[in-house]
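Read off the chains here:
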Amino acid sequence: MSEGISKQLVLPKGRGFGLKDGVLDKDAFRKVIPVLAAQVPAEKAGILLKAPALKRSLIDVAKVKSVARGPNQDRLVLLKFTNEADLPPEALSFLHSESAELVSHELSFDYDYWSTDEVIHAILPEELEAGAPSGFAAVGHIAHLNLRPEYLPYKHVIGQIVLDKNPTIRTVVNKLDNISTQFRVFSMELLAGEPDFVVTQSENDCRFTFDFREVYWNSRLHTEHERLIHKFDKDDLVADVFAGVGPFAIPAAKKGCAVLANDLNPSSHKYLTLNIAENRVGTFVRPFCEDGREFIRRAFNRAWDDPLAPVPLPKISRSEQKEIRAGQRPAPAPGPRRNRIGHFVMNLPDTAILFLDAFRGVLSRANTDGRDLSGLYDENSMPMVHTHCFTRELEPEKAEVDIRQRVEEKLGHPPGEDTTYHWVRSVAPQKEMYCVSFRLPPGVAFGS
Ligand SMILES: C[S@@+](CC[C@H](N)C(=O)[O-])C[C@H]1O[C@@H](n2cnc3c(N)ncnc32)[C@H](O)[C@@H]1O
């Protein structure tokens, strides 16, 4: 019976199966299972597959086709039995009536048949089987594991299995420490595959290239990137204080926004610049490589002194182009260059709130070298500041109180009534990530 065949295909769990001297022995996974098959001319195979009398006798094993090639162009319709005596009488008489010959057929299985998880559970010893690593994060062609210490003796075998079984993966790495560096990168070791750490990853219809060892990237932030980009209007000018390799800046620019994008990490800056070029948004994004505080202090003056490209003109159809050439309609005129910042994005959750004091007096004449920007920024046109942060408070109300208090402390002013506190994700059991969005209070920006 195929239940019997399926059972024979279950790998033993937690028995160190398929390991020889700590090395993966792929030959151990080879298996041959004999089954009965009904041999018929090719044109009859369909009749057998659809016959009610055979319904409960056809093979039903994952990843095994019901029909195999037989001799002389014949087809073998595979059955779930090994012995003829086990075939139900109605199946047997139907096969006789169709002049089908019962033959023996061998099903061959090898290492490729089983899934990543099945093989990992098989190679581990009993005491490690229950909590076996399952799944991985993929960034471009890199699979990124975070193995617990007890699994480290098996790290290369596990890496090899992940590599073998996932065709899009060329490199498997294990994370070595927690992100604690200034540039939010972590060290990693190569477990299997090529030592190639420069990946290309798609997100929000843009392509990002970067060295995974040198810059911050987290595919789990995909929705958060999308959420904020959605909030920007296409005519907005956005200032991204901690831009990384551009997951906010570049899709925003593709949408039509003008962007000042900054990151202090020289490698992030290098790949940000490359990604701006590769995504053809150079007209709309200006990259900088400086400390976030300095960037905030200079952003308003930069936009004022050297405004950014106007909103891209809408695409016009061929017939409209013709009409323009014929003077039957006016050519669309570009809008004004953009000099008023509408949004600040500050995704450095560990410390972004600490940078908020940079907004104090940022529009005062002392900081603008005497420029008067009060005509450009009023109560309703002050930029929105989207600040990512962590909190240990798990309840939303308490998280809000905690975040508001820390923001107020740095701004020297309470954030406005319309401030929103958006829960982004749980980062660890006692650590939540939020994005607090508020309109920069004029009293803070124009204050001394
Ligand atoms: C959490 S990452 C966010 C990157 C990107 N915005 C994203 O969403 O993936 C924070 C970024 O801030 C940069 N960074 C850290 N300290 C900085 C500072 N003082 N000034 C500017 N950038 C800084 C890091 O290099 C890193 O790329």
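Quick caveat, the model's predicted, so the values are computed rather than measured.

### Details of the sheet that holds strand S8 (residues 142–145)
Strand pairs in the sheet, formed through backbone hydrogen bonds, run parallel or antiparallel to each other.
Next, step 1: Pairing within the open sheet is mixed, and its four strands lie in the order S7-S8-S9-S10. Each having just a single partner strand, strand S7 (137–139) and strand S10 (188–193) make up the two edges of the open sheet. Within this sheet the neighbouring strands show an average axis-to-axis angle of 30°, counted without direction.
Next, step 2: As defined by bridge partners, S8 adjoins strand S9 (residues 171–175) across four bridges and the pair is classed as parallel. Bridge pairing in S9 links isoleucine 142 to threonine 171.
Next, step 3: Strands S8, S9 and S10 of the sheet are contacted by helix H6 (residues 155–165), whose axis makes an angle of about 55° with S10.

### Observations concerning the sheet that holds strand S6 (residues 101–109)
Next, step 1: Taken in spatial order, the four strands of this open sheet run S4-S5-S3-S6, and their pairing is antiparallel. Taken across any chain shown, the strands that pair with only one partner, and hence form the sheet edges, are strand S4 (67–69) and S6. Here the strands of the sheet are splayed against their neighbours by 40° on average, with no regard to which way each runs.
Next, step 2: Where S4 and strand S5 (residues 75–78) come together, three bridges link them in antiparallel fashion. Across the sheet, valine 67 pairs through a bridge with valine 77, a residue of S5.

### Quick word on the side chain of aspartate 240
Next, step 1: With respect to the secondary-structure elements, aspartate 240 resides in strand S13 (residues 237–240).
Next, step 2: Among buried charged residues, aspartate 240 stands out as having no salt bridge; its nearest opposite-charge side chain is arginine 227, 12 Å away.

### Here we look at the UniProt feature "binding site: S-adenosyl-L-methionine" (unreviewed entry) in the protein chain
Next, step 1: Within this numbering scheme, the UniProt entry marks His225, Asp263, Leu264, Asp291, Gly292 and Asn347 as carrying the feature "binding site: S-adenosyl-L-methionine" (unreviewed entry).
Next, step 2: Structurally, glycine 292 can be placed in helix H10 (residues 292–305).
Next, step 3: For glycine 292, a relative accessible area of 3% corresponds to the buried category.
Next, step 4: Not counting residues within four places of it along the chain, the set of residues in contact with glycine 292 comprises Val241, Phe242, Asn262 and Phe355.
Next, step 5: With respect to the helices, strands and loops of the structure, asparagine 347 is situated in the loop between strand S16 (341–346) and strand S17 (384–391).
Next, step 6: Dropping the residues within four chain positions of it, asparagine 347 is found in contact with Leu221, Phe242, Phe248, His388 and Met433.

### Some remarks on the environment of proline 312
Next, step 1: Within the secondary structure, proline 312 sits in the loop between H10 and helix H11 (318–325).
Next, step 2: Along the sequence, proline 312 and phenylalanine 284 sit 28 residues apart, while their C-alpha atoms lie 9.1 Å from each other.
Next, step 3: With sequence-adjacent residues up to four places away left out, proline 312 is seen in contact with Gly256, Phe284 and Arg338.

### Some details on the packing of aromatic side chains
Next, step 1: Applying the stated rule across the entire model yields 13 aromatic pairs.
Next, step 2: A centroid spacing of 4.8 Å and a plane angle of 75° characterise the contact between phenylalanine 109 and tyrosine 113, whose relative ring orientation is edge-to-face.
Next, step 3: Note on phenylalanine 109: relative accessible area 6%, which makes it buried.
Next, step 4: Through pairs of rings, three or more aromatic residues link up here, namely Phe17, Phe29, Phe109, Tyr111, Tyr113 and Trp114.
Next, step 5: One cation-aromatic arrangement involves arginine 293 over phenylalanine 355; the distance from NZ or CZ to the ring centre is 4.9 Å.

### Here's the deal with the packing of helix H4 (residues 116–123) against H6
Helix-helix packing: each pair is described by the crossing angle between the helix axes and the interaxial distance.
Next, step 1: The geometry of H4 relative to H6 is characterised by a closest axis approach of 10 Å and an angle of 160° between their N-to-C directions. When the interaxial angle is binned, H4 and H6 end up roughly antiparallel. Handedness of the crossing formed by H4 with H6: right-handed. Note on element contacts: H6 touches H4 through Val157, Ile158, Ile161, Val162 and Lys165, opposite Thr116, Val119, Ile120 and Ile123.

### A word on the site of the ligand
Next, step 1: What surrounds the ligand is a group of 21 residues, the closest being His225, Phe242, Asp263, Asp291 and Gly292.
Next, step 2: In the environment of the ligand, an oxygen atom lies 2.8 Å from a nitrogen or oxygen atom belonging to the side chain of histidine 225.
Next, step 3: Aspartate 291 is positioned such that a nitrogen or oxygen atom in its side chain is 2.8 Å from a nitrogen atom of the ligand.
Next, step 4: Its residues placed into classes, the shell around the ligand shows 10 nonpolar, eight polar and three charged.

### Brief notes about unusual backbone geometry
Next, step 1: Backbone geometry places asparagine 72, a non-glycine residue, at a positive phi of 50°.
Next, step 2: As for its placement among the helices and strands, asparagine 72 is situated in the loop between S4 and S5.
Next, step 3: Judged by its relative accessible area of 71%, asparagine 72 is exposed.
Next, step 4: A positive phi angle is found at glutamine 73, which is not glycine, with a value near 65°.

Reading guide: rules and limits
Residues numbered from 1 in each chain as written. Predicted model: local features only at pLDDT ≥ 70, side-chain atom pairs only at ≥ 80, totals over all residues. Heavy atoms only, no water. Pairing = 2+ DSSP bridges. Helix = DSSP H or I, 4+ residues; strand = E, 2+ residues; numbered from the N terminus. Axes fitted to C-alpha atoms, helices over the stretch in contact; angles between N-to-C directions. Contact = heavy atoms within 4.5 Å. Buried < 20%, exposed > 50% of the residue type's maximum accessible area, 1.4 Å probe, protein only. Lys, Arg positive; Asp, Glu negative; His and termini not counted. Salt bridge = Lys/Arg side-chain N within 4 Å of Asp/Glu carboxyl O. UniProt positions renumbered as here; feature names shortened; annotations may be inferred. Phe/Tyr/Trp six-rings, centres within 6.5 Å; stacked < 30°, edge-to-face > 60°. Lys NZ or Arg CZ within 6 Å of the ring centre and 35° of its normal. Parallel < 35°, antiparallel > 145°, perpendicular 65-115°, else oblique. Left-handed = near helix turned anticlockwise from the far one by under 90°. Near = heavy atom within 4 Å. Polar contact = N/O pair within 3.5 Å; in protein donor to acceptor, adjacent residues only side chain to side chain. Nonpolar A, V, L, I, M, F, W, Y, C, P; charged D, E, K, R; others polar.

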